[in-house]
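The chain contents come next:
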Amino acid sequence: MGKEMRIVLRNADKIDPNSIDDYIKAGGYRALEKARGMERKALIEEVKKANLRGRGGAGFNAGMKWSFVPPAEVTYVVCNLDEGEPGTYKDRTIVQKDPHTLLEGMAICAHAINSKKGFIYCRGEYPYVVEHLNRAIDQARKKGVLGDFDIEVRMGGGAYVCGEETALIESIEGHRGEPRFKPPFPGVAGLWNRPTVVNNVETFANLPEIINRGYEWFASIGAPSYPGTKVLTLSGDVVNRVAIEVPTNTTIREVIYDFGGGIRDGKKFKAVQIGGTSGGFIPESLLDTPIDFDSMRDIGATLGTGAVFVMDETRDIVDIVTRIAKFFEHESCGKCNPCREGTFRNFKIMTKINRGMAAAQDIENMTLLCKVMQKACLCGLGQAAPGPIVTTLQHFRHEYERKLLA
Amino acid sequence: MVTLTVNGRQIKAPRGSTILEACRLNGIEIPTLCYDPDLRLAGSCRMCLVEAKGRPLFLASCVAPAEDGMVIETESPDIVEARRIVLELLAARHDFSCQTCEKNGDCKFQDYCYRYGVKDSRFTDGGRHVYPIDDPNPFIERDYNKCIMCTRCVRACEEITVARAINVKDRGHNAKIATAFDGHLADSPCVFCGQCIMVCPVGALTSKVSAGKGRAYEVDRVLTTCTYCGTGCTLELNVKDNQVVGVTSNRSEEYSPVNKGALCVKGRFGWDFINSPDRLTTPLIKENGEFREASWDEALDLVAARLQAIKESSGPDSMAVFTSARMTNEENYLAQKFARAVLGTNNVDHCARL
Amino acid sequence: MTNSIEELEKDAKCIFVIGSNTTENHPVIGMKIKKNVLYRGAKLIVADPRRIDLAEMADVYMAHLPGTDVALINGMMNVIINEGLVDKEFIDNCTEGYEAMAEVVAKYTPEYVEKITTVPAEDIRKAARIYAESEAAVICYAMGVTQHSTGTDNVKSICNLAMLTGNIGRPGTGVDPLRGQNNVQGSCDMGGLPVTYPGYQAVTNEAVRAKFEAAWGVPLPPNNGLTLTETINKAHEGQIKALVVIGENPMMSDPDLHHVEEALEKLDFLVVQDIFLTETARYADVVLPGVTFAEKDGTFTNTERRVQRVRKAIDPIDGAKPDWQIICELATRMGYPMHYNSPEEIFEEMKALTPSYAGMSYARLEGRGLQWPCPSADHPGTPFLHKDGKFTRGKGLFSAIEFKEPRELPDEEYPLILTTGRNLYHYHTGTMTRRSVALDKHVPEAELEINPHLAAKMGIRDGEKVRLSTRRGSVEIKAKITDILAENVVFTTFHFHEAAVNWLTNADSLDPVAKIPEYKVCAARIDKI
Ligand SMILES: Cc1cc2nc3c(=O)[nH]c(=O)nc-3n(C[C@H](O)[C@H](O)[C@H](O)COP(=O)(O)O)c2cc1C
Ligand code: SF4
Ligand code: SF4
Ligand code: SF4
Ligand code: FES
């Protein structure tokens, strides 16, 4: 039986999120004080050794990312709260239930990279979260806990791609939300060309406990290559559509059956898509895979943001993938060729298949297109967009073939 | 310097070069569409992809730094396949009409389709935008049915001319190049410099003034200096059958030191006066208040005789020469020499002050 | 220009543009200025009666009344002196005449200058500080500065300002007149002036004259000749009897065309050499067809003194001859044999007599050309003049200059100030651009810019034809209502023969030194038709 373990959600439903005093009473802002007593180098080393890997999807070691920031007069800390993945609401949950753990995490990072200014880039659909955050920031300012570090909340542009860190930076700068090519990475030249650390909400929210309890504690939780916990949001045909926080060695089966309570209405399981819209589809046979980043990657799936979308036996895979293809066609920013044209063509072909108008050649063309897109697109959106098509062609090919023209 | 292996060959390049620069420096050609050495990098067309050993993704060589020890393939089967797909995707949105296209023979897209054998696209199932070709300005034909979205025009407008008349409008497959309200250029900050034509790699932006008059491979390009303002921009007169049929520009600093290819509307589009039917083609002599045609000999003899007579009767200082700020140095030299040595007067001036 | 165009884009930290609508009249230079300001952080100061394109991005924009440039610049210098922003070292080491200048400038406080120019005193202060405090500041000016009865004073004032702050002789500094026509610089360099031989060698200098007499093999006149405007006046008086006009169009470009017309009609003999039957050619006794720049070889010298090649692209059209050949044939027929096989031969003769061009040759001009002075075959040319504050005359001389009002001021009958200029799409008298189909289609007719308040008062609607008159005449012209100029100022261009504004301009008010007519200010009125 899998068990929850709460690090980022440790205060959830236990304290009043609108009260900084509550947070402080629960031990809040002590980690920041401790971090500020540390040498920057040592602090970065601590986070690196904790092996805290980015919770926004790419899974990059946060300490490592910070260590790339060169000494500079002006640096920025940016929190990615764009949360554009349909079906994902973990970042919102963390912030709503415990905003100060995020602020404290950002301030710790600010100390590590010697930054005076932070931005929280908040999804446009979350105006109430902006208010909520501003209230928390105001309290923190008044209490003086942030010191000379200040945080500003920016409202997102509403496009999915704005969650990509360089597009997000463009957007904060007031430009079209289009990704930049990398390198240079934001750590070297980000916001207004200054060194900038971009991390996900959940990544920051882990920091206070890591500093409080030490890296060894953290590194020993869950899967060794991706230690700690992960917040997952369950949706689709599962009994409990909830947010949970579990150690990263929890298996998919445990997530669906122990925490999710199994499939709704006594139906049978067909597939689960993890990690958001671009996540791979996972069949019954792979359900015993642990959810950590590398194990997921090894089965051609992703952990991504931790969205868990469960599908029962009645679901039409081709239809679902067609809708996903439409999503990407709509969300492509249009900057790079393979993504702009490729997402469009994928949608066209998927529609054709879904309507029973396609031939085997169409699947072949799409397969080739997907293969190229995964390696050729400029940003993660285009690279990941083919994921659902590729994995469903792998595990559910018969559902496609059933729809082909005779 | 960094050393890398490209297609099995060791090459060296200055530290800080991109892979593309390193390769070009060593004579290895990589196809590019959005890359323009004078403009901010975009890294968006993905034509210049290469494979680097140990990297899971292809690298866009125009933006990827060349690092020591890299092992790179620029024409591996996977890369060729990727380029072909990129071209096919573009071909699916492109209105191939090479037979009437101004850029036929001078078109990067055509060149690469040729090079990679892309005849048809696998991805033509509907969905091609059809844009009206209806900008009424007299200078620039805008045919976005041929646009491959490289954004070089946008960058040239922003970075060379600093007019910022055009930008990418809308997103994804609907993205297109447009003025602020997707209207006509004349209603935008456009100054019709034609820098966008200069950088456009395909036939999406072309000169209306030159339309139908000759393709790149039919014309000789004669480097010369513009005849309008005093900036002294270098331009190329395009000549076909002893007629000027257009103006292009040379972007190399070596040949175009003042303007590096940038021109203004007069330089780029104001050349057809050369062929104007109003040109004088014979000397004219006025008789009884009317001009009549005359031979050169008759006209020159008459002028010489009259000037000689006035010189003798009223003295050299009763005569004057207006030379011209539009003539060459050599001609100005001769004009003042003519006034001083032949007429014998210092009454020579030009409209420098007007 | 004392400095190079490139420096406007790369080196200047402050650019002061006065009397130059750069983005329209020198568009490629305008692009470079904009680039520097927008992308490299240079400061921009603009002084112009019209809120031109560059004004929109300026740090300070000063809409001074036409003809008040000297006051404006004295005002800036007043601030610079009073606030201790002068470059004392430069003044001490490289200039003279500072005290006399400072004495005059003392009374031009910003408040006093505000009354003359209508520019708010605070803006004058701000502009002065920006200019003086920049590491490298350059002044660009054009006809807006020179075409005044006080044009020479205006230019001297500009030089004062540059010297006062040591902004001379370094990259990104300098005084840069932007020459309006492709080869004005060359025409002047080549001695197309009544007082100098090629290379600005005075015709009154014995030794120089002896050199040219030896080279040309004839005795040469020792006295200064007449300027263009003086020539017209003398023709009017009957003293000039014959005029050879090569590629000029005084019947469009000169002020007060009635006066020019009468002068041309009084001539005994007028010969015009041109590519079109211009307004002037119509008055000629003989017209000789020349060729365009596409049909001949040669060189042009641009505004930064860069000599560049002109290359023959096509053969002369049937019946026309290159102008150099026409001159040769005429000279030969007049008993002075002139034979050259090519323009290059002419260049070789010229350079032997012209020290600043002596080091050039067609071979060396391939590619990037050369900026004069280039005195010897191994000299690399000169991108900027007055290096380390060294002036031709030794030290830079400050001039003490009082503001003088323009000659013709508005009065009850003619209550407006008419000022003239060019626009982006046409060039000079329009002979070429009006015959370039696209340009003429895009901007087919002249427009008179009128402030909306004035228009409202007079009940004039946008696009309506109005009558524009001065003491010398009137034209009908289309009104364009725009708030880029003040209520008492109107503006139009001189490109259009249909509404040739030089029928109206003033030939009497010349700058006493340069003899430049005051195109930029005359009293005018408009009436509804
Ligand atoms: C199309 C696209 C959308 C993304 N959206 C988000 C997002 O909504 N939130 C997020 O934290 N990261 C998102 N990312 C990942 C970010 O680019 C970046 O990797 C992340 O913010 C880094 O933080 P981390 O290292 O803490 O995960 C997205 C990436 C792509 C390619
Ligand atoms: S742009 Fe190129 S490929 Fe397209 S029609 Fe013209 S020549 Fe052909
Ligand atoms: S003509 Fe010049 S100003 Fe107009 S869109 Fe093209 S680059 Fe921009
Ligand atoms: S119009 Fe030409 S330059 Fe502009 S984006 Fe399209 S193809 Fe590129
Ligand atoms: S040329 Fe490199 S991405 Fe376009």
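For the structure itself, look to the data block above.
Residues numbered from 1 in each chain as written. Chains lettered and ligands numbered in written order. Predicted model: local features only at pLDDT ≥ 70, side-chain atom pairs only at ≥ 80, totals over all residues. Heavy atoms only, no water.

1. What about the site of ligand 3?
Ligand 3 sits among Ile 140, Cys 157, Ala 163, Ala 165, Ile 166, Cys 190, Val 191, Phe 192, Cys 193, Gly 194, Gln 195 and Cys 196 of chain B. In the shell around ligand 3, the residues fall into 10 nonpolar, 2 polar and no charged. (Near = heavy atom within 4 Å. Nonpolar A, V, L, I, M, F, W, Y, C, P; charged D, E, K, R; others polar.)

2. A look at the sheet that holds strand E2 (residues 117–122) of chain A
Residues and elements named next belong to chain A. Pairing is parallel in the open sheet, where 4 strands are placed in the order E3-E2-E1-E4. A strand with exactly one partner marks an edge of an open sheet, and here the two such strands are strand E3 (150–155) and strand E4 (196–200). Direction aside, neighbouring strands of the sheet carry axes that sit 20° apart on average. In terms of strand pairing, E2 meets E3 through 6 bridges, oriented parallel. By the bridge assignment for E3, Ile 120 is matched with Val 153. (Pairing = 2+ DSSP bridges. Helix = DSSP H or I, 4+ residues; strand = E, 2+ residues; numbered from the N terminus. Axes fitted to C-alpha atoms, helices over the stretch in contact; angles between N-to-C directions.)

3. Side note on the interface of chain A and chain B
Often, the extent of an interface is quoted as the loss of accessible area upon association of its parts. Residue-level contacts link 34 residues of chain A with 35 residues of chain B. Summing both sides of the interface, chain A and chain B together bury roughly 3,000 Å²; the carbon and sulfur share of this comes to 57%. The largest contributions to the chain A side of the interface with chain B come from Phe 181, Arg 345 and Lys 375 of chain A, which together make up 22% of the buried area. The interface formed by chain A and chain B includes 3 salt bridges. As a salt-bridge pair, Arg 171 of chain B and Glu 331 of chain A come within 3.4 Å of each other at their nearest N and O atoms. Applying the counting criterion to the chain A and chain B interface returns 14 residue pairs in polar contact (both at pLDDT 80 or more). When contributions to the side of chain A that touches chain B are tallied by element, the ones reaching two or more residues are helix H13 (317–331), helix H14 (337–354) and helix H15 (360–376) of chain A. For the side of chain A that touches chain B, a count of residues per class yields 14 nonpolar, 8 polar and 12 charged. (Contact = heavy atoms within 4.5 Å. Buried area = accessible area lost by both parts, 1.4 Å probe. Salt bridge = Lys/Arg side-chain N within 4 Å of Asp/Glu carboxyl O. Polar contact = N/O pair within 3.5 Å; in protein donor to acceptor, adjacent residues only side chain to side chain.)

4. Details of the interface of chain C and chain B
The partner chain B presents 112 residues to the 151 residues of chain C that form the contact. Both faces combined, the contact of chain C with chain B buries some 11,200 Å², and carbon together with sulfur accounts for 63% of it. Between the two partners, chain C and chain B, sit 9 salt bridges. With its nearest N and O atoms 3.0 Å apart, the salt bridge here joins Lys 260 of chain B to Glu 6 of chain C. Of the pairings in the sheet, the one linking strand E15 (residues 319–322) of chain B to strand E9 (residues 242–246) of chain C comprises 4 bridges and is parallel in character.

5. Some details on H13 of chain A
Between its first and last C-alpha, H13 of chain A extends 21 Å over 15 residues, near the 21 Å set by a 1.5 Å rise per residue. The N-cap residue of H13 of chain A is Asp 316 of chain A: its side-chain oxygen and the backbone nitrogen of Val 318 of chain A are 3.0 Å apart. (Expected span 1.5 Å × (residues − 1).)

6. Here's the deal with the side chain of Thr 32 of chain B
All names here are of chain B. Mapped onto the elements of the fold, Thr 32 is located in the loop between helix H1 (19–25) and strand E3 (49–52). Its relative accessible area of 1% is what places Thr 32 among the buried residues. Reaching out from Thr 32, the side chain makes a polar contact with the side chain of Arg 24 at a distance of 3.3 Å. The contact partners of Thr 32, leaving out residues within four places of it in the chain, are Leu 20, Arg 24, Met 47, Cys 48, Lys 108 and Tyr 112. (Buried < 20%, exposed > 50% of the residue type's maximum accessible area, 1.4 Å probe, protein only.)

7. As for the pattern of salt bridges
In total, this model carries 99 salt bridges over all chains according to the counting rule given. Residue Lys 48 of chain A is joined to Glu 45 of chain A by a salt bridge in which the shortest nitrogen-to-oxygen separation is 3.9 Å. With Lys 48 of chain A and Glu 45 of chain A both in helix H3 (residues 40–50) and 3 residues apart, this pair spans about one turn of that helix. The partly exposed category is assigned to Glu 45 of chain A, whose relative accessible area is 33%. The partner of Arg 51 of chain C in a salt bridge is Asp 483 of chain C, and the shortest N-O contact between them spans 3.2 Å. One end of the pair, Arg 51 of chain C, is in the loop between strand E2 (43–47) and strand E3 (60–62); the other, Asp 483 of chain C, is in the loop between strand E19 (473–481) and strand E20 (489–493), and 432 residues separate them in sequence. Put simply, Asp 297 and Asp 301 of chain B together with Lys 321, Glu 329 and Arg 333 of chain C are held in one network by salt bridges that share partners.

Fair warning: the whole summary comes from geometry, so function is off the table for now.
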